[in-house]
Amino acid sequence: MNVCVIGTGYVGLVTGTCFAEMGNRTVCVDIDEAKIEKLNQGQLTIFEPGLELIFERNFREERLHFTTDLADAVRNSEIIFLALPTPMAEDGSADLTYVLGVAREIGRLLSEDSARKTYKIVVNKSTVPVGTSDLVRSEIERAGLISGENFDVVSNPEFLREGLAVEDFLKPERVVLGTSSHRAKEIMTQLYEPFVRSGNPIIVMDERSSELTKYAANAFLATKITFMNEIANLCERAGANVEQVRHGIGTDSRIGKQFLYAGIGFGGSCFPKDVHALLRTAAEYDYIFQTLDAVIKVNDKQHEALVSKIVEYFDGSLDGRHFAVWGLAFKANTDDVRESPAHAVIRALLSRGASVTGFDPEAMETTRSVLGDAIMYAPDPYAALHNANALVVCTEWNEFRRPDFEKIKELVHDAVIFDGRNLYNAESLSRLGLDYFSIGRPQPARAFKGTVG
Ligand code: NAD
């Protein structure tokens, strides 16, 4: 099939590459000329495990193309995916400027006589509020095209996880298609069949339910994390251990083991904006979604769970202190720093007069583009420790899991680790003579220098 993907970011690039991998002729479009130029030189623009291999193969074998020429891409494609940004607007809603702007442009292009003869499917892969399929359809109809005849609009929310995006896309647990068109359903099912050969379902539903499914999934996961963070905060006060509680409840199949890890809050390009957008959608329908309101409030200050331990340890003042921060990405295995809790921790430290040297295996450049010279950058994790009063761990990269603790003790002035991801064993660090603070777990008595808890 001839597929076009508009928007070549984390979702679009993975989507385009994976469709090419299944033998489709795929063209990815972006307005960012530098990005397209780099991709056309055979270089990836994001870090995503496993992407390079299939990107190179499909690019070399000329199934995967990149262009800034929307008109050409749309004309030559049967299925047109929108993988465009839907950032958070001032009022918390999803900003549909990109999606509707491109829909309008597609309408204009499709209305040109030469293109009109062929039926096209416009598929929305961006995360969009309930009713957006109708808006996209209206934009295209405005150009004089007839829905169901010249084109159909399909909602196809994307559930990939950054860091596991290729695996998730090639073997999705489910594919959700929102459409009331039999024709579109048949073609989309054909497109996705190679991805679900192991028997995972392609779930077809109406557009509005499909759009809401994506928000419900993200909001539920964000709620699960937040609930566990609150349990962790309570554990600290009540002298319980969140790791044991997690094990105790995670073994209950109704609850499940995943997304129960306490930490410094969720971040990334999706959960924060999607929770806000769903809250906003609810308000538009005169419904106060109280759970989500609480999720946002709790998450917004969860990074403080770590920062307040740091402040108390240093007797209430961070002025002139220096910190090494390991992990800048919003989670492991990505270079994405959008709404990264690590950045929230860094900003909190800087605002209290501290200085920071950061290290991340992949997110140095992306962090530099956001924080610039506000922090220093180290070439490796141990170089970041020089002159640091403390080590602060913010992202759960595997390479941080078993570090050389003797070296940390030798290099970090105050021999203390603040761990926002609960990576280490408190007792063994205590035996090594390192002070150690994590989230929701009891601290060895000797570790308390301030009034933590
Ligand atoms: P992104 O910011 O990484 O990529 C968006 C791309 O669209 C950018 O390359 C940008 O230059 C391009 N673009 C903007 N305007 C354009 C235009 N007019 N024409 C062509 N290209 C244009 O965004 P993303 O993370 O890939 O997310 C895209 C959508 O997918 C969002 O709605 C997001 O919520 C959703 N989503 C993201 C993830 C994720 O993990 N990142 C997962 C599921 C769903």
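Cut-offs and rules
- Residues numbered from 1 in each chain as written.
- Predicted model: local features only at pLDDT ≥ 70, side-chain atom pairs only at ≥ 80, totals over all residues.
- Heavy atoms only, no water.
- Domains from an automatic or database assignment.
- Contact = heavy atoms within 4.5 Å.
- Buried area = accessible area lost by both parts, 1.4 Å probe.
- Salt bridge = Lys/Arg side-chain N within 4 Å of Asp/Glu carboxyl O.
- Polar contact = N/O pair within 3.5 Å; in protein donor to acceptor, adjacent residues only side chain to side chain.
- Phe/Tyr/Trp six-rings, centres within 6.5 Å; stacked < 30°, edge-to-face > 60°.
- Helix = DSSP H or I, 4+ residues; strand = E, 2+ residues; numbered from the N terminus.
- Buried < 20%, exposed > 50% of the residue type's maximum accessible area, 1.4 Å probe, protein only.
- Lys NZ or Arg CZ within 6 Å of the ring centre and 35° of its normal.
- Near = heavy atom within 4 Å.
- Areas by Shrake-Rupley, 256 points an atom, 1.4 Å probe, with all protein chains shown as cover.
- Axes fitted to C-alpha atoms, helices over the stretch in contact; angles between N-to-C directions.
- Parallel < 35°, antiparallel > 145°, perpendicular 65-115°, else oblique.
- Left-handed = near helix turned anticlockwise from the far one by under 90°.
- Nonpolar A, V, L, I, M, F, W, Y, C, P; charged D, E, K, R; others polar.
- Pairing = 2+ DSSP bridges.
- Core = buried A, V, L, I, M, F, W, Y, C linked by side-chain atoms within 4.5 Å.
- 1 Å grid on protein atoms, 1.4 Å probe; cavity = no way out; pocket = protein on both sides within 12 Å on 5 of 7 lines; lining within 4 Å.
- Points joined across faces, edges and corners; volume = space filled by probe spheres on them.

Describing the domain arrangement of the protein
Here comes step 1: Under the domain assignment, the protein is made up of domain 1 (2–203), domain 2 (215–301) and domain 3 (303–437).
Here comes step 2: A straight line from the C-alpha centre of domain 1 to that of domain 3 covers 38 Å.
Here comes step 3: With seven residues of domain 1 at the contact, the number on the domain 3 side is nine residues.
Here comes step 4: Counting the surface lost from both domain 1 and domain 3, the interface buries some 680 Å², and carbon and sulfur atoms represent 46% of this.
Here comes step 5: At the junction of domain 1 and domain 3, the tally comes to one salt bridge.
Here comes step 6: Between Arg338 and Glu162 there is a salt bridge, with the nearest N and O atoms lying 3.8 Å from each other.
Here comes step 7: On inspection of domain 1 and its partner domain 3, the count reaches four residue pairs in polar contact (both at pLDDT 80 or more).

Here's the deal with the packing of aromatic side chains
Here comes step 1: What the rule picks out here adds up to 25 aromatic pairs.
Here comes step 2: Ring centres of Tyr313 and Phe418 lie 5.5 Å apart, and the angle between their planes is 85 degrees; this geometry places the pair in the edge-to-face category. Within this pair, whereas Tyr313 is found in helix 14 (residues 304–313), its partner Phe418 is found in strand 13 (residues 416–419), the two being separated by 105 residues in sequence. The pair formed by Tyr313 and Phe418 is uniform in burial state, with each residue classed as buried.
Here comes step 3: Among the residues examined, Tyr313 registers a relative accessible area of 4% and is labelled buried.
Here comes step 4: Pairwise contacts between aromatic rings join Phe19, Phe81, Phe169, Tyr192 and Phe195 into one cluster.
Here comes step 5: Over the aromatic face of Tyr119 sits the side chain of Arg183, whose NZ or CZ is 3.6 Å from the ring centroid.

Overview of the site of the ligand
Here comes step 1: Taken together, 27 residues are adjacent to the ligand, and Asp30, Lys35, Thr86, Glu162 and Lys273 come closest.
Here comes step 2: The contact in question runs from an oxygen atom of the ligand to an N or O atom on the side chain of Thr86, over 2.6 Å.
Here comes step 3: Side-chain polar atom of Arg338 to an oxygen atom of the ligand: 2.9 Å apart, as the coordinates give it.
Here comes step 4: When isolated, the ligand has an accessible area of 830 Å², and the protein chains bury 88% of it.
Here comes step 5: Looking at the shell around the ligand, the elements that each hand over two or more residues are helix 1 (10–21) and helix 5 (97–111).

With respect to the environment of Ala216
Here comes step 1: Relative to the assigned elements, Ala216 resides in helix 10 (residues 207–238).
Here comes step 2: Separated by 14 residues in the primary sequence, Ala216 and Ile202 have C-alpha atoms spaced 18 Å apart.

Here we look at the packing of helix 1 against helix 3 (residues 51–60)
The axes of two packed helices give the description: the angle between them and the distance between them.
Here comes step 1: Running from N to C, helix 1 and helix 3 point in directions that differ by 55 degrees, and their axes come no closer than 9 Å. Relative to helix 3, the element helix 1 is oriented oblique. When the axes of helix 1 and helix 3 are compared, the crossing they make is left-handed. Counting all contacts with helix 1, which are made through Leu13, Val14, Thr17, Cys18, Ala20 and Glu21, the residues of helix 3 involved are Leu51, Ile54, Phe55, Arg57 and Asn58.
Here comes step 2: Here the residues of the contact of helix 1 with helix 3 sort into seven nonpolar, two polar and two charged.

Notes on the pairing of strand 4 (residues 79–82)
Here comes step 1: The two faces of strand 4 match: Ile79 and Phe81 on one face and Ile80 and Leu82 on the other face are all buried.
Here comes step 2: Bridge count for strand 1 (residues 2–6) against strand 4 is four bridges, and the pairing is parallel. Bridged to Val3 within strand 4 is Ile79.
Here comes step 3: Pairing of strand 4 with strand 5 (residues 120–124), which is carried by four bridges, proceeds in the parallel orientation. Bridging from a neighbouring strand, Ile80 pairs with Val122 of strand 5.

Considerations on the nonpolar core
Here comes step 1: Membership of the largest hydrophobic core comes to 64 residues, with the highest contact counts inside it found for Phe323, Trp326, Ile408, Ile417, Phe418 and Tyr424.
Here comes step 2: Residue contributions to this core peak at six residues, all from helix 14.
Here comes step 3: Taken domain by domain, the makeup of this core includes at least three residues from each of domain 2 (215–301) and domain 3 (303–437).
Here comes step 4: Other than its neighbours up to four places away in sequence, Phe323 contacts Ile310, Phe314, Leu318, Leu349, Ala354, Ser355, Val356, Thr357, Ala388, Ala390 and Val392.

Section: empty space enclosed by the protein
Take a probe with the size of a water molecule and roll it over the atoms, and the empty space left behind shows itself.
Here comes step 1: Per the stated rule, a full pass over the model turns up one cavity of 30 Å³ or more.
Here comes step 2: Its boundaries defined by the atoms lining it, the largest cavity holds a volume of some 50 Å³.
Here comes step 3: Looking at the largest cavity, the residues that line it are Asn124, Ser126, Thr127, Val128, Ser155, Asn156, Pro157, Ser210, Glu211 and Lys214.
Here comes step 4: Ranked by the residues each element gives to the lining of the largest cavity, the list is headed by helix 10, at three residues.
Here comes step 5: A breakdown of the residues in the lining of the largest cavity according to their chemical character gives two nonpolar, six polar and two charged.

Digging into the sheet that holds strand 11 (residues 376–377)
Here comes step 1: If you walk across this open sheet you meet the six strands as 11-10-9-12-13-14, and the pairing is parallel. The sheet is open, and its two borders are formed by strand 11 and strand 14 (435–437), each paired with just one other strand.
Here comes step 2: Taken together, the five bridges between strand 9 (residues 322–326) and strand 10 (residues 355–359) define a ladder with parallel strand orientation. Within the sheet, the bridge partner assigned to Val325 lies in strand 10 and is Gly358.
Here comes step 3: The strands touched by helix 14 are strand 9, strand 12 (390–393), strand 13 and strand 14; relative to strand 13, the strand with the most contacts, the crossing angle is about 160 degrees.

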